[in-house]
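Coordinate inspection notes
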Amino acid sequence: MCRSIKTLRPPALPEQATEEEIRAAALQYVRKVSGFRAPAAHNREAFDHAVEAIAEATAELLGQLEVRGRGSVAPRVNAG
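Here goes a summary of the coordinates provided.

Reading guide: rules and limits
Residues numbered from 1 in each chain as written. Predicted model: local features only at pLDDT ≥ 70, side-chain atom pairs only at ≥ 80, totals over all residues. Heavy atoms only, no water. Helix = DSSP H or I, 4+ residues; strand = E, 2+ residues; numbered from the N terminus. Buried < 20%, exposed > 50% of the residue type's maximum accessible area, 1.4 Å probe, protein only. Contact = heavy atoms within 4.5 Å. Areas by Shrake-Rupley, 256 points an atom, 1.4 Å probe, with all protein chains shown as cover. Expected span 1.5 Å × (residues − 1). Arc of directions from axis to C-beta. Salt bridge = Lys/Arg side-chain N within 4 Å of Asp/Glu carboxyl O.

Of the regular secondary structure elements, the protein holds two helices and two strands. Mapped from its N terminus to its C terminus, the protein presents α and β elements in the order α-α-β-β. Taking all 80 residues of the protein together, 24% fall into the buried category. The long-range share in the protein, meaning contacts at least 24 apart out of those at least 6 apart in sequence, stands at 58%. Total accessible area on the protein is roughly 5,800 Å²; 53% of this is exposed by carbon and sulfur atoms.

Pasting the structure below:
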């Protein structure tokens with residue numbers, strides 16, 4: 001497991017994960033799997049698409065999880 005990706009659900013986080021936290025975790029995952037900190041220009045589109053797809057899947061997963069005694073752990077949406 002990538003050590004820089006943190007758990008995004010309670011009780012690891014006192015509150016629900018933000019979109020920024022979810023995207024940061026997705027970016028770290030794509031970096032780890034691809035082996036690139038930043039993609040070359042010819043790989044940028046694939047890299048960015050993977051980050052967005054993983055962020056969406058993560059938000060969906062968190063929205064469906066129920067932590068005992070806490071209910072849903074749906075991500076917080078930042079206004080602005």
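Look at helix H2 (residues 44-64): 30 Å from first C-alpha to last across 21 residues, which is about the 30 Å you get at 1.5 Å a residue. Residues of H2 that are buried include every one of Phe47, Val51, Ala55 and Leu62, and no others. With its buried residues spanning 70 degrees around the axis, H2 presents them on a single face. Of the exposed residues in H2, those oriented more than 90 degrees away from the buried face are Glu45, Ala46, His49, Glu56, Glu60 and Gln64.

Turning next to the pattern of salt bridges. Pairing of side chains with opposite charge becomes possible as their charged atoms draw close. With the rule as written, the count across this model stands at three salt bridges. Between Arg23 and Glu52 there is a salt bridge, and its shortest N-O distance comes to 3.1 Å. Of this pair, Arg23 sits in helix H1 (residues 19-34) while Glu52 sits in helix H2, and the two are 29 residues apart along the sequence. On the basis of relative accessible area, Arg23 is assigned to the partly exposed category, the value being 36%. A salt bridge links Asp48 to Arg44; the nearest nitrogen and oxygen atoms lie 3.3 Å apart. One end of the pair is Asp48 and the other is Arg44, both in helix H2 and four residues apart, which spans about a single turn. You can call Asp48 partly exposed: its relative accessible area is 30%.

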